[in-house]
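Structural overview
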Amino acid sequence: MTARIIDGKALSATIKAEVAKRVEQLKEAGTTPGLAVVLVGEDAASQVYVRNKIAACEKAGLHSRNIHLAIDAPEEQLLDVVRDLNRDDTIHGILVQLPLPAHMNAARVIETISAQKDVDGFHVSNAGRLMTGRPLFRPCTPYGIMKMLESEKVVLRGAEAVIVGASNIVGKPMALLLLAAGATITLCNTKTRDLAAQTRRADVLVVATGKPGMITGDMIKPGAVIIDVGINRRADGKLTGDVDFESASQVASAITPVPGGVGPMTIAMLLVNTVEAAERNAATLV
Ligand code: NDP
């Protein structure tokens, strides 16, 4: 079997075009949706992510603000920036790029973002809402993956979904979204005994570990749908995922590539969340 490629780049372009239309409608009604992206320090990968997010905003017609603090900025300075953005009526979404330097408490910073502007969906209130089935903002990466599965018409009701990686930003919210869609979920971490026995049961396998090529074809059920979240830089500078694409694509029925899979979807869903925040805000002003 040679797997179908799930084209995140193409789907993200469609979603961004829909976002641009919603932005136009909002502008006609007097609101320009605004996203603030706050970066602390000079981490090369984070700088690329921030640049891509700002560029995507501009292309879709959103207003964006890029705030850059020095690596040694005190946490209180970052909290003040966030508090100012919470009060700023031109900003509907606030994103603090992670990871933060070690002297900052990421949980405290995220809790300072207004839950109504938390377009990453990482605030404890938004995590709780997701868990209890009343989501306000869905974290962008798992939200984008759900859109990919939807566009591929993958049947989730009753499916075995195995997620490898249980972070707050990818694995855990992914499990909740798949559960809400009717899948039976298994969430794996580094302590999982016999990982291959779990992954081989998966009709849908989502891998988000940051361990390049750790899932190989022999760990995959024939015909499974494989979602590779990993973004790892190889020695030659190229990006690679957490799944060994060569062997996996011989066994799976569909697979996301890296790059061009989940990554572009994450940015598209950030725009969706920001526009939704602006639409909600506009509705409260009517
Ligand atoms: P974290 O490091 O926060 O979490 C990794 C998770 O994977 C942990 O739960 C860890 O288990 C688990 N894990 C690591 N190694 C193994 C293993 N050998 N077997 C089983 N489980 C394992 O990573 P993130 O969730 O933040 O990111 C994961 C990957 O996804 C990275 O490559 C990152 O760059 C990428 N990413 C891509 C995005 C995109 O838009 N495409 C967005 C966000 C992340 P334990 O809990 O036991 O430590």
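The following paragraphs examine the structure supplied in this document. (Residues numbered from 1 in each chain as written. Predicted model: local features only at pLDDT ≥ 70, side-chain atom pairs only at ≥ 80, totals over all residues. Heavy atoms only, no water.)

**A word on the overall build of the protein chain**
Helix and strand counts for the protein chain stand at ten helices and eleven strands. Dimensions of the protein chain along its principal axes, counting C-alpha atoms only, are 50 × 40 × 40 Å. Here the protein chain holds 286 residues, and 50% of them are scored as buried. Here the analysis covers contacts within the protein chain between residues at least 6 apart in sequence; of these, 68% occur between residues at least 24 apart. Accessible area of the protein chain: about 13300 Å², with a carbon and sulfur share of 54%. On the protein chain, the mean spot of the 31 positive side-chain charges and the mean spot of the 30 negative ones are 4 Å from each other. (Helix = DSSP H or I, 4+ residues; strand = E, 2+ residues; numbered from the N terminus. Buried < 20%, exposed > 50% of the residue type's maximum accessible area, 1.4 Å probe, protein only. Contact = heavy atoms within 4.5 Å. Areas by Shrake-Rupley, 256 points an atom, 1.4 Å probe, with all protein chains shown as cover. Lys, Arg positive; Asp, Glu negative; His and termini not counted. Charge placed at Lys NZ, Arg CZ, Asp CG, Glu CD.)

**Some points on the packing of aromatic side chains**
Using the criterion set out here, one finds zero aromatic pairs in the structure. It is Arg280 that lies over the ring of Phe137; its NZ or CZ is 4.7 Å from the centre. (Phe/Tyr/Trp six-rings, centres within 6.5 Å; stacked < 30°, edge-to-face > 60°. Lys NZ or Arg CZ within 6 Å of the ring centre and 35° of its normal.)

**Quick look at the site of the ligand**
Neighbouring the ligand are 23 residues, the closest being Ala166, Ser167, Thr190, Lys191 and Thr266. Interatomic distance of 2.6 Å between a side-chain N/O atom of Ser167 and an oxygen atom of the ligand. Here Lys191 contributes a side-chain N or O atom positioned 3.1 Å from an oxygen atom of the ligand. Here the ligand has 930 Å² of accessible area as a free molecule, and 70% of this is covered by the chains. (Near = heavy atom within 4 Å. Polar contact = N/O pair within 3.5 Å; in protein donor to acceptor, adjacent residues only side chain to side chain.)

**Examining the nonpolar core**
In this structure, Val19, Leu149, Leu178, Val206 and Ile227 are the most contacted members of the largest nonpolar core, which totals 55 residues. Considering each element in turn, this core owes the most residues, twelve residues, to helix H10 (residues 262-285). The two domains that each donate at least three residues to this core are domain 1 (30-115) and domain 2 (140-263). Formed by 19 residues, the second largest nonpolar core is a distinct cluster that contains Val164, Cys188, Leu205 and Ile215. (Core = buried A, V, L, I, M, F, W, Y, C linked by side-chain atoms within 4.5 Å. Domains from an automatic or database assignment.)

**Some points on the layout of surface pockets**
Its boundaries defined by the atoms lining it, the largest pocket holds a volume of some 1200 Å³. The set of elements that each furnish at least two residues to the lining of the largest pocket consists of helix H1 (8-28), helix H2 (44-60), strand E4 (93-96), helix H6 (140-151), strand E9 (232-233) and H10. Looking at the lining of the largest pocket residue by residue, the classes come out as 24 nonpolar, 13 polar and eight charged. Considered as a void within the structure, the second largest pocket measures approximately 330 Å³ in volume. Looking at the second largest pocket, it is lined by 19 residues, and the ones nearest its centre are Gly121, Phe122, Ala127, Asn168 and Ile169. It is helix H5 (residues 124-131) that contributes the most residues to the lining of the second largest pocket, five residues altogether. Residues of the lining of the second largest pocket, tallied by class, amount to 13 nonpolar, four polar and two charged. Looking at which domains feed residues into the lining of the second largest pocket, each of domain 1 (30-115) and domain 2 (140-263) supplies at least three. (1 Å grid on protein atoms, 1.4 Å probe; cavity = no way out; pocket = protein on both sides within 12 Å on 5 of 7 lines; lining within 4 Å. Points joined across faces, edges and corners; volume = space filled by probe spheres on them. Nonpolar A, V, L, I, M, F, W, Y, C, P; charged D, E, K, R; others polar.)

**Thoughts on the sheet that holds E4**
Strand pairing in a sheet is mediated by backbone hydrogen bonds. Such pairs are either parallel or antiparallel. Taken in spatial order, the three strands line up as E3-E2-E4 in an open sheet, and their pairing is parallel. Every other strand in the sheet has two partners, leaving strand E3 (63-69) and E4 as the edge strands with one partner each. Each strand of the sheet is rotated relative to its neighbour by a mean of 15°, with strand direction disregarded. In the sheet, strand E2 (residues 34-40) pairs with E4 via four bridges, with the strands oriented parallel. Among the inter-strand pairings, Ala36 is bridged to a residue of E4, identified as Ile94. (Pairing = 2+ DSSP bridges. Axes fitted to C-alpha atoms, helices over the stretch in contact; angles between N-to-C directions.)

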